[in-house]
Amino acid sequence: MSMPILPCIGSREGKVTVFTIEECERCSLKTKRPFKDDDYVFKDGGECSHCKSPHTRIISVHSERAKRS
């Protein structure tokens, strides 16, 4: 799955990539994954890849500028 690439409004810096950070409520592992259209902060996430707990929560949605080549 590719991450969405959006134009950076009002800038000549290029494009940005949006991603989601989830945190496990049991072991506090934080994972970064591609943003999905229905993601929002405090939404229940998926299963933790470390402790297999079904209780993760989205704690933030961020973007990064694409690096110039």
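Just so it is clear, the structure is predicted and the values come from calculations on it, not from any experiment.

K.L.:
Looking at this structure, how should I read unusual backbone geometry?
P.N.:
Glycine aside, a negative phi is what most residues show, and trans is what most peptide bonds show. The residue serine 28 is not glycine, and still its phi comes out positive at about 65°. As for its placement among the helices and strands, serine 28 is situated in the loop between strand 2 (15–24) and strand 3 (30–34). Positive phi values are uncommon outside glycine, yet phenylalanine 42 reaches one of about 80°. With respect to the secondary-structure elements, phenylalanine 42 resides in the loop between strand 3 and strand 4 (56–65).

K.L.:
Just checking my understanding: could you explain the pairing of strand 2 for this structure?
P.N.:
On a regular strand, each side chain points to the face opposite its neighbour's, so the side chains alternate between the two faces of the sheet. With eight of 10 residues buried, strand 2 lies mostly within the body of the structure. Of the strand pairs in this sheet, strand 2 and strand 4 are connected by nine bridges, and their pairing is antiparallel. For threonine 17, the partnering residue across the bridge sits in strand 4 and is glutamate 64. Sheet analysis places strand 2 next to strand 3, joined by five bridges and oriented antiparallel.

K.L.:
Sorry, what's going on with the packing of aromatic side chains here?
P.N.:
Geometrically, a pair of aromatic rings is defined through the distance of the ring centres and the angle of the planes. Inspection of the entire model under this criterion finds zero aromatic pairs. The positively charged end of lysine 32 is found above the aromatic ring belonging to phenylalanine 19, 4.2 Å away from the centroid.

K.L.:
Is there a simple way to think about the environment of threonine 20 in this case?
P.N.:
The topology assignment puts threonine 20 in strand 2. When its relative accessible area of 0% is taken as the criterion, threonine 20 is described as buried. A sequence separation of 43 residues divides threonine 20 from serine 63, and the C-alpha atoms of the two residues are 8.7 Å apart. Excluding residues within four positions of it along the chain, threonine 20 makes contact with Thr31, Lys32, Arg33, Pro34, Phe35, Lys36, Asp39, Ile58, Ser60 and Val61. One polar contact links threonine 20 to aspartate 39, side chain to side chain, over a distance of 2.7 Å.

Rules used in this analysis
- Residues numbered from 1 in each chain as written.
- Predicted model: local features only at pLDDT ≥ 70, side-chain atom pairs only at ≥ 80, totals over all residues.
- Heavy atoms only, no water.
- Helix = DSSP H or I, 4+ residues; strand = E, 2+ residues; numbered from the N terminus.
- Buried < 20%, exposed > 50% of the residue type's maximum accessible area, 1.4 Å probe, protein only.
- Pairing = 2+ DSSP bridges.
- Phe/Tyr/Trp six-rings, centres within 6.5 Å; stacked < 30°, edge-to-face > 60°.
- Lys NZ or Arg CZ within 6 Å of the ring centre and 35° of its normal.
- Contact = heavy atoms within 4.5 Å.
- Polar contact = N/O pair within 3.5 Å; in protein donor to acceptor, adjacent residues only side chain to side chain.

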